[in-house]
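In case you want the letters, here they are:
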Amino acid sequence: VGIKGVKDLLLEGRKDTSGDFTVGAGLTIEQANTLLEFLDSGVEVNRKNLLNVWGIGPETADSILLYAYRQPIFVVDTYTKRIFSRLGLIDGKDYEGVQKFFMDNLDKDVDLFNEYHALIVEHAKRRCKVKPDCGNCCLKSMCKYGRKKS
């Protein structure tokens, strides 16, 4: 996908609930323009440099690297933290600690990370919501939270 793909994704504008126009992963137009300037600057696109761009945090930087640049880095989001803390597989909720758990336990494979993250998002939206549907959850037998709810 590369730089063109990132731009295309960022330019798919939409309004958020506050009425501000956002693009891509919830970036404002101003943040997106700052990111586009960085991407056009010729500076190497890596995690450290992305994190130095105003408005770019770890999740957005890792999403750019995984999805646009196909670098094997696991993206951690609220869904990931929710599911795996309920399963009892992670203790802390800090981004780097959760990411390290995945990076240490999965093969460093872009397609695997893409698929795994998509499965996490889908499961969180269907079953492991803020108010979970534990009764219909395929992970219930191994889930500390789900077993308590039974």
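You'll find the structure just up there.
Residues numbered from 1 in each chain as written. Predicted model: local features only at pLDDT ≥ 70, side-chain atom pairs only at ≥ 80, totals over all residues. Heavy atoms only, no water.

Q: I'd like a description of the environment of Ile120, backed by residues and values.
A: Residue placement: Ile120 occurs in helix 7 (residues 110–126). Beyond its immediate sequence surroundings of up to four residues, Ile120 is in contact with Phe74, Tyr79, Thr80, Ile83, Phe84 and Phe102. (Helix = DSSP H or I, 4+ residues; strand = E, 2+ residues; numbered from the N terminus. Contact = heavy atoms within 4.5 Å.)

Q: Could you give me a rundown of the environment of Val75, with the residues and numbers involved?
A: Take Val75: it is sitting in the loop between helix 4 (58–68) and helix 5 (78–87). For Val75, the residues in contact, after removing those within four places along its chain, are Glu59, Asp62, Ser63, Leu66, Tyr67, Thr80, Tyr95 and His117.

Q: Pulling in residues and values, what's your account of the nonpolar core?
A: Note on soluble globular proteins: their nonpolar side chains tend to be buried together. Of all hydrophobic cores here, the largest spans 31 residues; its most connected members are Leu35, Phe38, Leu50, Phe74, Ile83, Phe84 and Phe102. Broken down by secondary-structure element, the contributors of at least two residues to this core are helix 2 (29–40), helix 4, helix 5, helix 6 (95–105) and helix 7. Not counting the four nearest positions on each side in its chain, Phe74 is found in contact with Asp62, Thr80, Tyr95, Gln99, Phe102, Met103, Leu106, Phe113, Tyr116 and Ile120. (Core = buried A, V, L, I, M, F, W, Y, C linked by side-chain atoms within 4.5 Å. Buried < 20%, exposed > 50% of the residue type's maximum accessible area, 1.4 Å probe, protein only.)

Q: So what's going on with the packing of aromatic side chains? Which residues, and what values?
A: Aromatic rings in a pair are described by how distant their centres are and how their planes are angled relative to each other. Within the structure shown, the criterion is met by eight aromatic pairs. An angle of 0 degrees between the planes, with centres 4.2 Å apart, marks the rings of Phe74 and Phe102 as stacked. Here Phe102 lies in helix 6 and Phe74 lies in the loop between helix 4 and helix 5, a separation of 28 residues in the sequence. Ring plane angle 85 degrees and centroid distance 6.0 Å describe the contact between Phe74 and Tyr116, whose orientation is recorded as edge-to-face. One end of the pair, Phe74, is in the loop between helix 4 and helix 5; the other, Tyr116, is in helix 7, and 42 residues separate them in sequence. Its end group placed over the ring of Tyr145, Arg86 keeps NZ or CZ at 4.6 Å from the ring centre. (Phe/Tyr/Trp six-rings, centres within 6.5 Å; stacked < 30°, edge-to-face > 60°. Lys NZ or Arg CZ within 6 Å of the ring centre and 35° of its normal.)

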